[in-house]
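# Observations on the three-dimensional arrangement
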Amino acid sequence: MTMRKKGSITLLTSMLLAMIIVPTGTALGNPTNPTNPTNPPQLKTVLTTGWGHSLFLKADDTLWAWGDANFGQFGTGPGQNSSAVAVQNTLVQNIIDISAGNEHHNLALRSDGIVFAWGTNGAGQLGDGTTYINRNDPVQVNNLTGVIDVEAGFYHSLALKSDGTVWAWGSNSYGQLGDGTTTNRSTPVQVSGLSNIVSISTKSYHSLAIKSDGTVWAWGYNSDGQLGDGTTTNRSTPVQVSGLSNVSNVSAGDTHSLTIKSDGTVWAWGNNTKGQFGDGTTTSHTTPVQIPGLSNVKVVEADYQHSLAIKNDGTLWAWGYNDFGQLGDGTTGSTYLSPVQVAGISGVTAVSSSAVFTVAQKSDGTVWAWGHNYWRELGDGTRINRYTPVQVTGL
């Protein structure tokens, strides 16, 4: 449920300076060497959605949240109530990357390569060495430095380091940590056999990674073929997605996956029972198939039973299940087997989606939302579901 400013893939290691380890007691907003900060990576996330809340990193690098805060999702300390308008998190500063998990936890990457986490912690997904101790304010992830990208899944977390390795922690019941076991971890462990990784994605129980050669690798839950290796066998170590090359963008949904090739075409695999491929059918596939009619796409976002794509012209397209109006075309309860344009919004630069709502940023910096709103996750000051985009207030 994250949206990145993902450009074409480059080897990020050469872009980054050395990371500095933060000594105990250092304030969250103050890297130990502010005169030599890490350059922000190209994988910077600006907008991310959890089950019932959203996080937004403004152009001034301040962090904002709205929606459900009953599990400490805002990270603003004890006593924070849910909010129908955006509120600022002042406990973390110098943040360059964010990710909201599907089960009420969040990750934030500071400019010095240190990761912080807050929210629920039932399986150790906060990475601070504890379990079942939820956090209302950010805590540092243990033994993890040199990070350039973070991704929060369903009870687990991922981090990409500047050396091209991937690290994981939290729930591991389906092998989603990729360390060759199904043992939960409350501190980070290295994903086995991966090197030269330039991009990662996770949302539910499986994970994806792009190598610098443009190939895609997957691990974890595989009930519907979402790993793309031609099987429905769970994998506790990464396997290569069949038949894909020259990939520039990847998104792991609940039980399906999407990628963009460097030519702007979109490919999908896994579960398609609600039309989440957008290929005009409900036929699922365990290896990638091209989505017809989609071209010039620069970003894809896979979620529970629907998908989205931003084209190079800034238009936003959606397809799949639309039970709460999360496709944004003015209807609800429908299912679209092919992409439809989201109504009344243009100049889209970022998008993130939960199972039942969607948020997007426009080129003017404003944020818009639509779909389910019981948890105030649309940020428009109400609890009214919206079938077309409304502007998030308070930012």
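Throughout, residues of each chain are indexed from 1 in the direction in which the sequence is written. Reporting in this predicted model follows two pLDDT cut-offs: at least 70 for local features of residues, and 80 or more for side-chain atom pairs to be given and counted; totals over whole chains, interfaces and linings ignore these cut-offs and use all residues. To get the side-chain values, take all heavy atoms of the structure and skip hydrogens and water.

Where an unreviewed UniProt entry is consulted, the chain appears under the name RCC1 repeat- and reductase domain-containing protein, with the organism given as Paenibacillus alba.

A few words on the sheet that holds strand β21 (residues 285-290). In this scheme, strands are said to pair when DSSP sees at least two bridges between them. Where helices and strands are cited, they refer to DSSP runs of H or I of at least four residues and of E of at least two residues respectively, numbered from the N terminus. Taken in spatial order, the four strands make up an open sheet running β18-β19-β20-β21, and their pairing is antiparallel. Edge positions in the open sheet fall to β18 (247-252) and β21, since each of these has one partner strand only. Put simply, the sheet's adjacent strands are angled 15 degrees from each other on average, direction ignored. Here strand β19 (residues 256-261) pairs with strand β20 (residues 266-270) via five bridges, running antiparallel. In the strand pairing of β20, L258 is matched with A268. All axes are obtained by fitting lines to C-alpha atoms, using only the stretch in contact for helices, and the reported angles, taken between N-to-C directions, cover 0 to 180 degrees.

This next bit is on the pattern of salt bridges. Each reported salt bridge corresponds to a side-chain nitrogen of Lys or Arg within 4 Å of a carboxyl oxygen of Asp or Glu. Summed over the entire model, instances satisfying the criterion amount to eight salt bridges. One salt bridge in this structure joins R185 and D179, with 2.9 Å as the shortest N-O distance. A single network of salt bridges, built from pairs that share partners, joins K203, E301 and D303.

Time to look at the nonpolar core. Nonpolar cores are built from buried Ala, Val, Leu, Ile, Met, Phe, Trp, Tyr and Cys residues. Side-chain atoms within 4.5 Å join them into one set. Using a 1.4 Å probe on the protein chains alone, a residue whose accessible area is under 20% of its type maximum counts as buried, one over 50% counts as exposed, and one in between counts as partly exposed. Residues L47, W66, V359, V367 and V392 are the most contacted members of the largest nonpolar core, which totals 15 residues. Any pair of residues with heavy atoms lying within 4.5 Å of one another is described as a contacting pair. Sequence-distant contacts of V367, that is, excluding residues within four places in its chain, are made with L47, F56, W66, A360, Q361, V390, Q391, V392 and L395. Judged by nonpolar contacts, the second largest core, of 14 residues, contains L107, V115, L144 and A159.

This paragraph deals with the environment of L160. Among the secondary structure elements, L160 is positioned in strand β11 (residues 156-161). Measuring from C-alpha to C-alpha, the distance between L160 and G146 comes to 8.5 Å, with 14 residues separating the pair along the chain.

Our next topic: unusual backbone geometry. If you check the backbone angles, N94 has positive phi at about 55 degrees while not being a glycine. For N94, the location among the structural elements is in the loop between β5 (83-89) and β6 (95-100). Positive phi is not limited to glycine here, since N296 has a value of about 55 degrees. By secondary structure assignment, the location of N296 is in the loop between β21 and β22 (297-302). In this structure N296 comes out as partly exposed when scored by relative accessible area, which is 46%.

Read across the sheet, four strands follow the order β22-β23-β24-β25 without closing on themselves; strand pairing throughout is antiparallel. Every other strand in the sheet has two partners, leaving β22 and β25 (334-341) as the edge strands with one partner each. Across the sheet, the axes of successive neighbouring strands diverge by a mean angle of 10 degrees, strand direction being ignored. Summarising the sheet, β22 and strand β23 (residues 306-311) pair through five bridges and their orientation is antiparallel. Bridging from a neighbouring strand, E301 pairs with L308 of β23.

Looking now at the packing of aromatic side chains. Any Phe, Tyr or Trp ring, taking Trp's six-membered ring, that has another such ring centre within 6.5 Å forms a pair; planes under 30 degrees apart are called stacked, those over 60 apart edge-to-face, and the others tilted. Applying the stated criterion across every chain, the model contains seven aromatic pairs. With a centroid separation of 6.0 Å and 80 degrees between ring planes, the pair formed by Y205 and Y221 is classed as edge-to-face. Of the two residues, Y205 sits in the loop between β14 (197-202) and β15 (206-211) while Y221 sits in the loop between β16 (216-220) and β17 (235-240), which places them 16 residues apart along the sequence. Overall, the relative accessible area of 24% leaves Y221 in the partly exposed class. Taken together, F154, Y155, Y174, Y205 and Y221 form an aromatic cluster joined through their ring pairs. Positioned over the ring face of W217 is K211, at 4.5 Å from the centre of the ring. Only when the NZ of Lys or the CZ of Arg is both within 6 Å of the ring centre and within 35 degrees of the ring normal is a charge said to sit over the ring.

Turning our attention to the side chain of N172. Within the element layout of this structure, N172 appears in the loop between β12 (166-170) and β13 (185-190). A residue is classified by how much of its surface remains accessible, and N172, at 0% relative accessible area, is buried. Any pair of N or O atoms that falls within 3.5 Å is considered a polar contact. Within protein, one atom must be able to donate a hydrogen and the other to accept it, and sequence-neighbouring residues count only if both atoms are side-chain atoms. At a separation of 3.2 Å, a polar atom in the side chain of N172 contacts the side chain of D179. Sequence-distant contacts of N172, that is, excluding residues within four places in its chain, are made with L177, G178, D179, T181, T182, T183 and N184.

For β15, a buried count of six out of six residues is recorded, marking the element as mostly surrounded by other parts of the structure. Neither face of β15 is left uncovered, since the one carrying H206, L208 and I210 and the one carrying S207, A209 and K211 both have all their residues buried. In this structure, β14 lies alongside β15, joined through five bridges in antiparallel fashion. In the strand pairing of β15, S199 is matched with I210. In textbook terms, the turn of a hairpin is the stretch between consecutive antiparallel strands, and for β14 and β15 this stretch comprises three residues.

The next point concerns the environment of G79. Structurally, G79 is set in the loop between β4 (63-67) and β5. Overall, G79 belongs to the exposed group, its relative accessible area being 70%. For the pair G79 and N136, spaced 57 residues apart in sequence, the C-alpha separation works out to 8.5 Å.

Right, let's talk about the confidence of the model for the chain for a bit. pLDDT measures how confident the predictor is about each residue, on a scale from 0 to 100. The pLDDT averaged across the chain works out to 91; a share of 89% of its residues lies at or above 70. Residue range residues 4-27 is modelled with pLDDT below 50. Its contacts to residues more than four positions away, or to other chains, number 68 contacts. Within the model, the stretch residues 29-42 combines pLDDT values under 50 with 33 contacts to residues more than four positions away or in other chains.

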